[in-house]
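For reference, the chains in residue letters:
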There are 2 protein chains.
Amino acid sequence: MEYHNFKELVSSVKAGNRRTVVVAAAQEVHTLKAVLKARQEGAVECILVGKKQEIMRITGELDYQIEERVIVEAKEDTEAAYKAVEMIRNGQGDFLMKGRIETGTFLKQVVNKETGIGAGGTMCHMALMEIPAYPKLLGLTDSGMVISPTLEQKADIIKAGVDMLRNMGIENPKVACLTAVEKCNPNMPETKESVLLKERAIAGEFGRCCVEGPISCDLTFSEEAARAKNYHSAVTGDADLLLVPNMVTGNVLGKALIAMAGAKMAGCILGAKVPVVLTSRGSSLEEKYNSLMLCARGIA
Amino acid sequence: MEYHNFKELVSSVKAGNRRTVVVAAAQEVHTLKAVLKARQEGAVECILVGKKQEIMRITGELDYQIEERVIVEAKEDTEAAYKAVEMIRNGQGDFLMKGRIETGTFLKQVVNKETGIGAGGTMCHMALMEIPAYPKLLGLTDSGMVISPTLEQKADIIKAGVDMLRNMGIENPKVACLTAVEKCNPNMPETKESVLLKERAIAGEFGRCCVEGPISCDLTFSEEAARAKNYHSAVTGDADLLLVPNMVTGNVLGKALIAMAGAKMAGCILGAKVPVVLTSRGSSLEEKYNSLMLCARGIA
């Protein structure tokens, strides 16, 4: 299956098993708006961990009658993160969302070796983009967490990304390892790395998927451009996921697509046992909502 | 002044002094098409260095009556590049264009310490983008030559870019040093470098211009987004030039804007005494033509 846009993703979430999101430090109006909208629509169930009184006050202001049973009191941020993570570990919730809490404080509990829900690999960010000029939703990783990933980290990032996409029902995710050129160049280590990643994909290391590289952005986006350069790959014009060579490339690409190509995005943190909704403070309600839907759909 | 699109750039070239382009190894149909179109329109004069017979044959096939006096015979590629560069050095031409010759062979003559036209600094590529969603032509550098520029190379790249833009009539070019974040981060050397480049710009090292950074792509493209993040700069929403931290970032950005945002581009090589037209073999006639116009307009 594939998703042409976020609307289809949302429909798919609503058609599936209802998942429970556990929100750490839920006392934040935009986070609550997104969660409660999804809940009202029957798309997710929620557990709100955090400052109970504040949560009650905000939900009241939003004219939403919240049941006290879905609120778990946690006065301090670390406590909220700890408790939220614990509930995931205990199977009381399906996935995690960051509320009004520092990212570092939150993630520290997520990856805690004894009480956390780390999966042993690299934590990374995957953006999912809806781009008007592209026929389907397109993943972009890692544009927000690992600044200069090593080859092994890139392998982890691909693995996490294709696992997520397969969970979403995309059976054979197509991954483009973006570079500036199509030939290996010793001065561009990402070119050689992409060859190695492709080999590891063929050897089965990442499960069912198709990894291509080195490949530049024009060939990735257009089968026609690829044909003109005599570059033949299943990925051209049909990629599900872009692996960028470093974080700044992904960051610039994602933001430029939003500003200049009318794209919308959802985001999630991968690499823990469950997907994590972690949007920035400035994210719109729509982005938070779509991110919630992405994670709900990406549960194993 | 500013250019809203390539059409305005072309008009500006036609309104100014007619410049002479010297083409090295001109025996290439797409190169000749672009040059002869510009010549027919009265936008440029040309000198065609290369294999005379082949040049005559191709121009004949294009139904163009070329005068023999504008052709300079050069049987070998190195000879063609040498002669073309020599004509620039002697003031017989205003700027240079690469024809059917390997880029390395061509540039070797350009930067030759004794017979070349290098200017002592770093050679770099500047793309000029026409993006439908952006109000004016936008430069992007270096997305094609220096893979991982050092701080000094970045200073050279900014200097070359703003010199070019000022030559084009943009009196106070606004430069955004793109990064993933707005704060200095020791793990992202480009953030600190952008602060240093901004300081050097303020100290006058690059002539009249406004350099900003660290700044992310969203704030660069939108004054509104910048205001929402309490980031105040003349550059937000109004940049003339983007400096990317490394080549792959610029390459991916430029190609994505073309594929997904309907952008068109022109390109030039900067850092020699004159701008150099150097488009790739796969470039469209339109790109070659616009690149020619860009360089014609960028003569000091």
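Keep in mind that this is a model prediction, so the values were computed, not measured. (Residues numbered from 1 in each chain as written. Chains lettered and ligands numbered in written order. Predicted model: local features only at pLDDT ≥ 70, side-chain atom pairs only at ≥ 80, totals over all residues. Heavy atoms only, no water.)

**Q** Outline the packing of helix H2 (residues 29-40) of chain A against helix H3 (residues 52-61) of chain A, listing residues and values.
**A** All names here are of chain A. Orientation of H2 relative to H3, taken along the N-to-C sense of each, is 65 degrees, at an axis distance of 10 Å. The hand of the H2/H3 crossing is right-handed. Seen from H2, the contacting residues are Val29, Leu32 and Leu36; seen from H3, they are Ile55, Ile58 and Thr59. Taken together, the residues of the contact of H2 with H3 break down into 5 nonpolar, 1 polar and no charged. (Axes fitted to C-alpha atoms, helices over the stretch in contact; angles between N-to-C directions. Helix = DSSP H or I, 4+ residues; strand = E, 2+ residues; numbered from the N terminus. Left-handed = near helix turned anticlockwise from the far one by under 90°. Contact = heavy atoms within 4.5 Å. Nonpolar A, V, L, I, M, F, W, Y, C, P; charged D, E, K, R; others polar.)

**Q** Explain the nonpolar core to me, using residue names and the numbers behind them.
**A** Of all hydrophobic cores here, the largest spans 84 residues; its most connected members are Phe95(B), Leu96(B) and Phe106(B). Ranked by residues supplied to this core, first place goes to helix H6 (residues 151-167) of chain B with 8 residues. Core analysis: the next-biggest nonpolar cluster, separate from the first, contains 83 residues, Ala38(A), Ile58(A), Val146(A) and Leu165(A) among them. (Core = buried A, V, L, I, M, F, W, Y, C linked by side-chain atoms within 4.5 Å. Buried < 20%, exposed > 50% of the residue type's maximum accessible area, 1.4 Å probe, protein only.)

**Q** I'd love a proper account of the relation of the copies chain A and chain B, names of residues and values included.
**A** Here chain A sits on chain B after a turn of 180 degrees about the axis and a move of 0.0 Å along it, with an RMSD of 0.0 Å. Read as a symmetry element, the transformation amounts to a two-fold axis. Comparing interface residues between copies, 100% of those in chain A also lie at the interface in chain B; the contact surface is shared. (Least-squares fit on C-alpha atoms with pLDDT ≥ 70 in both.)

**Q** Any details on the pairing of strand E10 (residues 264-270) of chain B? Residues and values, ideally.
**A** Residue and element names in this part refer to chain B. The element E10 is largely enclosed, with a buried count of 6 among its 7 residues. Relative to E10, strand E5 (residues 124-130) is paired through 7 bridges, and the arrangement is antiparallel. Looking at E10, one finds that Glu130 is bridged to Lys264. (Pairing = 2+ DSSP bridges.)

**Q** Outline the packing of aromatic side chains, listing residues and values.
**A** Where two aromatic rings form a pair, the distance of their centres and the angle of their planes describe that pair. All names here are of chain A. Tallied over the full model, the rule gives 2 aromatic pairs over all chains. Each ring, one from Tyr134 and one from Phe221, has its centre 5.6 Å from the other, and the planes form 75 degrees; the classification is edge-to-face. Pair noted here: Tyr134 is in the loop between strand E5 (124-130) and strand E6 (138-141) and Phe221 is in helix H8 (residues 217-221), with a separation of 87 residues, a long-range link. The pair formed by Tyr134 and Phe221 is uniform in burial state, with each residue classed as buried. Here the guanidinium or amino end of Lys37 rests over the ring plane of Tyr289, the centre of that ring lying 4.5 Å away. (Phe/Tyr/Trp six-rings, centres within 6.5 Å; stacked < 30°, edge-to-face > 60°. Lys NZ or Arg CZ within 6 Å of the ring centre and 35° of its normal.)

**Q** Any details on the confidence of the model for chain A? Residues and values, ideally.
**A** In the predicted model, chain A carries a mean pLDDT of 96, and 100% of its residues have values of at least 70. Both confidence scores are given for the complex: pTM 0.95, ipTM 0.95. (pLDDT = per-residue confidence, 0-100.)

**Q** Outline helix H4 (residues 77-89) of chain A, listing residues and values.
**A** Residues and elements named next belong to chain A. Compared with an ideal rise of 1.5 Å per residue, which puts 13 residues at 18 Å, H4 spans 18 Å between its outermost C-alpha atoms and is within 8% of the ideal. Where H4 is concerned, the buried positions are Ala80, Ala81, Ala84, Val85, Met87 and Ile88. Down the axis of H4, the smallest arc covering the buried residues is 155 degrees, so these residues share one side. Looking at the packing, one finds that the buried side of H4 touches strand E1 (19-24), strand E2 (44-50), strand E3 (71-73), strand E4 (95-98) and helix H5 (103-111). At the C-terminal side of H4, Gly91 shows a positive phi close to 80 degrees. (Expected span 1.5 Å × (residues − 1). Arc of directions from axis to C-beta.)

**Q** With reference to specific residues and values, describe the interface of chain A and chain B.
**A** In many analyses, interface size is given as the accessible surface area lost on bringing the parts together. Contacts between the two partners involve 29 residues from chain A and, on the opposite side, 29 residues from chain B. Between the two partners, chain A and chain B, sit 2 salt bridges. The shortest N-O distance in the salt bridge between Lys255(A) and Asp218(B) comes to 3.8 Å. Taken together, the links from chain A to chain B amount to 5 residue pairs in polar contact (both at pLDDT 80 or more). (Salt bridge = Lys/Arg side-chain N within 4 Å of Asp/Glu carboxyl O. Polar contact = N/O pair within 3.5 Å; in protein donor to acceptor, adjacent residues only side chain to side chain.)

**Q** Could you give an account of the pattern of salt bridges, naming the residues involved and the relevant values?
**A** Throughout the structure, instances matching the rule amount to 46 salt bridges over all chains. The partner of Arg39(A) in a salt bridge is Glu45(A), with the nearest N and O atoms 2.7 Å apart. On the basis of relative accessible area, Arg39(A) is assigned to the buried category, the value being 10%. With a shortest N-O distance of 3.6 Å, Arg69(B) and Glu67(B) are connected by a salt bridge. Residue class for Arg69(B) comes out exposed when judged on its relative accessible area of 64%. Since its relative accessible area comes to 30%, Glu67(B) is described here as partly exposed. One salt-bridge network, in which partners are shared between bridges, spans Glu2(A), Lys136(A), Lys174(A), Asp238(A) and Asp240(A).

**Q** Quick one: what's the story with the pairing of E5(B), residue by residue and with numbers?
**A** Residue and element names in this part refer to chain B. Extensive coverage of E5 is indicated by the burial of 7 of its 7 residues. On E5, burial covers both faces: Cys124, Met126, Leu128 and Glu130 on one face and His125, Ala127 and Met129 on the other are all buried. With 4 bridges connecting them, E5 and strand E6 (residues 138-141) associate as antiparallel partners. Note on E6: the bridge partner recorded for Ala127 is Leu140.

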